[in-house]
Amino acid sequence: MSQHRTAAEASRERILAVATDLFAEHGYDGTTTRTIAGAAGLNIATVAYHVGTKADLYREVMRRAHEAERAAVDAALAEFARTAPDEPARAAAEFADRYLDFCLEQPHVPALWMRRWMADAAEFADLEERYARPLLDAVRRELVSALPQLTDDRAELAVWTVLWTTHGFCRSMIRAQAPRFRTHLRALVQRELGLDGGAW
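Below is a summary of the structure that appears in this document. (Residues numbered from 1 in each chain as written. Predicted model: local features only at pLDDT ≥ 70, side-chain atom pairs only at ≥ 80, totals over all residues. Heavy atoms only, no water.)

Some remarks on the nonpolar core
At step 1: Counting residues in hydrophobic clusters, the biggest one holds 62 residues, and the most contacted among them are Phe23, Leu57, Leu143 and Leu193.
At step 2: With nine residues, helix α4 (residues 54-83) is the largest single contributor of residues to this core. (Core = buried A, V, L, I, M, F, W, Y, C linked by side-chain atoms within 4.5 Å. Buried < 20%, exposed > 50% of the residue type's maximum accessible area, 1.4 Å probe, protein only. Helix = DSSP H or I, 4+ residues; strand = E, 2+ residues; numbered from the N terminus.)

Side note on the side chain of Glu69
At step 1: With respect to the secondary-structure elements, Glu69 resides in helix α4.
At step 2: Despite its burial, Glu69 remains without a salt bridge, the nearest opposite charge being carried by Arg70 at 9.7 Å. (Lys, Arg positive; Asp, Glu negative; His and termini not counted. Salt bridge = Lys/Arg side-chain N within 4 Å of Asp/Glu carboxyl O.)

Remarks on the packing of aromatic side chains
At step 1: Applying the stated criterion across every chain yields a total of nine aromatic pairs.
At step 2: Plain terms: the ring middles of Phe23 and Tyr58 are 5.3 Å apart, the flat faces sit at 85 degrees to each other, and that makes the pair edge-to-face. With Phe23 in helix α1 (residues 2-26) and Tyr58 in helix α4, this pair connects stretches of sequence that are 35 residues apart.
At step 3: Aromatic side chains Tyr28 and Tyr58 sit 4.9 Å apart centroid to centroid with 55 degrees between the ring planes, which places their arrangement in the tilted category. Here Tyr58 lies in helix α4 and Tyr28 lies in the loop between α1 and α2 (33-40), a separation of 30 residues in the sequence.
At step 4: We classify Tyr28 as buried; its relative accessible area is 8%.
At step 5: The positively charged end of Lys54 is found above the aromatic ring belonging to Tyr28, 4.1 Å away from the centroid. (Phe/Tyr/Trp six-rings, centres within 6.5 Å; stacked < 30°, edge-to-face > 60°. Lys NZ or Arg CZ within 6 Å of the ring centre and 35° of its normal.)

Considerations on the pattern of salt bridges
At step 1: Evaluation of the coordinates by the stated rule reveals 20 salt bridges.
At step 2: With a shortest N-O distance of 4.0 Å, Glu25 and Arg171 are connected by a salt bridge. One end of the pair, Glu25, is in helix α1; the other, Arg171, is in the loop between α8 (152-170) and α9 (178-192), with 146 residues separating them in the sequence.
At step 3: Among the residues examined, Glu25 registers a relative accessible area of 42% and is labelled partly exposed.
At step 4: In this structure, the salt-bridge partner of Asp101 is Arg182, at a minimum N-O distance of 2.7 Å. A residue pair is termed long-range when its members are at least 10 positions apart, and Asp101 in helix α5 (residues 88-105) and Arg182 in helix α9 qualify at 81 residues.
At step 5: Put simply, Arg12, Glu13, Glu60, Arg63 and Arg64 are held in one network by salt bridges that share partners.

Section: the packing of α8 against α9
At step 1: The contact between α8 and α9 brings their axes to 10 Å, and the two run at 170 degrees. One element, α8, and the other, α9, form an angle in the roughly antiparallel class. Contact with α8, carried on its side by Arg154, Ala158, Thr161, Val162, Thr165, Thr166 and Phe169, involves Ala178, Phe181, Leu185, Leu188, Val189, Arg191 and Glu192 of α9 and no other residues of that element.
At step 2: Class assignment of the residues belonging to the contact of α8 with α9 gives a composition of eight nonpolar, three polar and three charged. (Axes fitted to C-alpha atoms, helices over the stretch in contact; angles between N-to-C directions. Parallel < 35°, antiparallel > 145°, perpendicular 65-115°, else oblique. Contact = heavy atoms within 4.5 Å. Nonpolar A, V, L, I, M, F, W, Y, C, P; charged D, E, K, R; others polar.)

Have a look at this one:
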């Protein structure tokens, strides 16, 4: 029984890994269950048995992407909260570093979200409110708490700016220029948060 469960779990994980790559590269709308099954070396019935419908599979892929992103953001926010009272500019730059590192290490996450921004999987409109909004709000609240001069609106726009910029870079053809982009991102974050000495 345990061997059967282990084999079933292995098949499920293989399907999820393949689906993650395909949804990230081609979007939900551009990926078929047949394509997923073929890439996983299984038939469509086996895929359905292990993961349900394509919609079920997509929801699970997005849930896992969110869990990974949430863990990275929570850890980065905890470090930001420790550093910001004494060195807010460094804390903000290091937060950006950690988020960039996460996106470079798990490129499927920015790819999945960028696909959605291009109107992919429009029938899953709840995912932004369920996953993206709580993370954005958590970062915004921490920024406003640590930086008294920062308004909620300015903080939210800064978070979106960093998010879009980082995701765009990670999906670009110039990923080899990560050190150069990191320097730019640090300056961008500090400027957006008013920590570079300049006026808004």
